[in-house]
Structure formats: structure tokens, C-alpha cells
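What follows is each chain in one-letter form.
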Amino acid sequence: KTIITNADLKIVFRNIEDIKRVHEKLLQRLKLSIDNGGGTIGECFVKTEEQFYQYGPYCANLDTASAKIDELMADSKISNLINRCSTESKQRFGIKDLLKVPAQRILKYHLLLDNLCKDSPNHTGLREGSKVMKALAQYINEYKRNYEQWLATRAIEERMQNKDLENP
């Protein structure tokens, strides 16, 4: 029997499978770069740029996912399931913390690339990779802002519709 609906899972995990595939591809590119001397690390990020934009919806959804988890945890069956799964996975962090990790990491990649640039100033590819990741961080922040504005507008619209129902 399904305890958590597919709709609730979609709200909580959004497009995390897409994010996983992006990082599998990035990891594959990075391993190949390192196997060939590491001179193309920055290019790995440039080549993955388009796929990284899937982070916009994921990051924007984190507050909604957190609220849904709180709502689900109010149900003792779901709370027990989530706690049991956490215990079995031997994770020391809760589900809400784990969902934030991809967002926190993607926003730090430009810092890692900048540090590599300091050690290898002649690597144009590293600078390009950092530039791509800085632009991505700006995009994610703008996407999140726009999403929050959309949610606020939607909430106002719903309140107005409810007022219309109360006062015909």
C-alpha cells in the first residue's frame, strides 16, 4: 500500500533524478579529463552548462519541498516511514537537509574553479568554467526570486477568489 502519494513525492523530490543524471555526466567528463592530465576540467563545466539549468526549478522548490515534508511528518505512518528509512540509510542528516545539499554544492562550484585558476592561471578553460558557474548561480537566484513572486501572486489570487465566494 502506498503511504506517500506520487504527487507528494514529486513535490518533495521535484526533478532530482534529472539533477542526478547531470552530475553523472559531469563526473564522467571530469574522470576523462583527469585521466588525460586534468587540463580540460573547466571545459567539463562549460560542456555541462545547458544541463545545469535544471537546477533552477529544483532550487526554487526547496521551500515548498520542506513545507510538504513538515506536512507529511504530521502523519505518524509517514513520519515512522521516513524515520525508519533515515535510520536504515545511516544518514546523520534529515531529509530536508539532504535535499539542500545539491543546491549548496552547485552554488560553490565557481569558487572551486576560481581556486584552481589561482594554481593554474594559464588555464583559460578553468576561467570559462568559473564564468559559466557564476552565471548559473545568478540564474538560480533569479529563478528562485521569480518563483517566489509567482507563489505570492498565486496566493493573493486564491485569497481573492475565496473572498468572492464568501461575498457574492
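The numbering scheme is per chain: residues are counted from 1 as the chain's sequence reads. With pLDDT at 70 or above as the cut-off, local features in this predicted model cover only qualifying residues; side-chain atom pairs require 80 or more to be listed or tallied, and sums for whole chains, interfaces and linings still use all residues. Derived side-chain values reflect all non-hydrogen atoms in the structure, with water molecules and hydrogen atoms excluded from consideration.

Undergrad: Tell me about empty space enclosed by the protein, residues and numbers included.
TA: Only protein atoms enter the 1 Å grid used here. Points where a 1.4 Å probe fits but cannot escape make up a cavity, open sets with protein on both sides within 12 Å along at least five of seven lines make up a pocket, and a residue lines them when an atom lies within 4 Å of a point. Grid points are joined across faces, edges and corners, and a volume is the space filled by probe spheres set on the points. Enumeration according to the criterion identifies 1 cavity of 30 Å³ or more in this entry. Size it by volume and the largest cavity reaches roughly 40 Å³. Lining the largest cavity, in full, are Leu62, Ala65, Ser66, Ile69, Lys96, Leu99 and Lys100. The way it works is that DSSP assigns letters per residue, a run of H or I at least four long becomes a helix, a run of E at least two long becomes a strand, and they are numbered from the N terminus. Broken down by secondary-structure element, the contributors of at least two residues to the lining of the largest cavity are helix 6 (62-73) and helix 8 (95-106). The element best represented in the lining of the largest cavity is helix 6, accounting for 4 residues. In this classification, Asp, Glu, Lys and Arg are treated as charged, Ala, Val, Leu, Ile, Met, Phe, Trp, Tyr, Cys and Pro as nonpolar, and every other residue, Gly included, as polar. Across the lining of the largest cavity, the residue classes break down as 4 nonpolar, 1 polar and 2 charged.

Undergrad: So, helix 7 (residues 76-89): which residues are in play, and what are the values?
TA: Compared with the 20 Å implied by 1.5 Å per residue over 14 residues, the 20 Å span of helix 7 between its first and last C-alpha is a close match. What helix 7 keeps buried is the set Ile78, Ser79, Leu81 and Ile82. Take helix 7 and look down its axis: the buried residues cluster within an arc of 165°, on one side only. In helix 7, those exposed residues whose orientation departs by more than 90 degrees from the buried face are Lys77, Thr87 and Glu88. One less than the number of residues in a helix, times 1.5 Å, gives the span that helix is expected to have. Here's how the labels work: a residue is buried when its accessible area is under 20% of the maximum for its type, exposed when over 50%, partly exposed in between, all with a 1.4 Å probe on protein chains only. Each C-beta atom gives one direction from the helix axis, and the arc is the one those directions make.

Undergrad: Break down the pattern of salt bridges for me, citing the residues and quoting the values.
TA: Should a side-chain nitrogen of Lys or Arg be within 4 Å of a carboxyl oxygen of Asp or Glu, the pair is scored as a salt bridge. Applying the stated criterion across every chain, the model contains 10 salt bridges. For Glu71, the salt bridge is made with Lys68, and the minimal N-O distance between the two is 3.0 Å. On the criterion of helical spacing, the pair formed by Glu71 and Lys68 is a turn pair, its members being 3 residues apart in helix 6. In this structure, Lys134 and Asp114 form a salt bridge, with 3.4 Å as the shortest nitrogen-oxygen distance. With Lys134 in helix 10 (residues 124-166) and Asp114 in helix 9 (residues 109-119), the pair connects residues that are 20 residues apart, well separated along the chain. Under the relative-accessibility criterion, Lys134 is labelled partly exposed at 38%. Among the ionic contacts, a cluster of salt bridges with common partners joins Asp8, Lys68 and Glu71.

Undergrad: Quick one: what's the story with the layout of surface pockets, residue by residue and with numbers?
TA: Space inside the largest pocket adds up to approximately 240 Å³. Around the largest pocket sit 15 residues that line it, and Phe13, Ile82, Cys85, Ser86 and Ile95 are the ones nearest its centre. Residue assignment for the lining of the largest pocket shows that the elements contributing at least two residues are helix 1 (6-13), helix 6, helix 7 and helix 8. The dominant element in the lining of the largest pocket, judged by the number of residues it contributes, is helix 7, at 5 residues. When grouped by side-chain class, the residues that make up the lining of the largest pocket number 12 nonpolar, 3 polar and no charged. If you add up the space inside the second largest pocket, you get close to 200 Å³. In this structure, the second largest pocket is lined by Phe13, Ile16, Ile19, His23, Tyr55, Ile95, Leu98, Leu99, Val101, Pro102, Arg105 and Tyr109.

Undergrad: Before we move on, could you go through helix 2 (residues 16-35) and cite the residues and values that matter?
TA: Here helix 2 contains 20 residues, and its C-alpha end-to-end distance of 28 Å stays within 8% of the 28 Å for a straight helix at 1.5 Å per residue. Those residues of helix 2 that sit buried are Ile19, Val22, Leu26, Leu30 and Ser33. For helix 2, the angular spread of the buried residues around the axis is 70°, confining them to a single face. Counted as exposed and oriented over 90 degrees from the buried face of helix 2: Lys31, Leu32 and Asp35.

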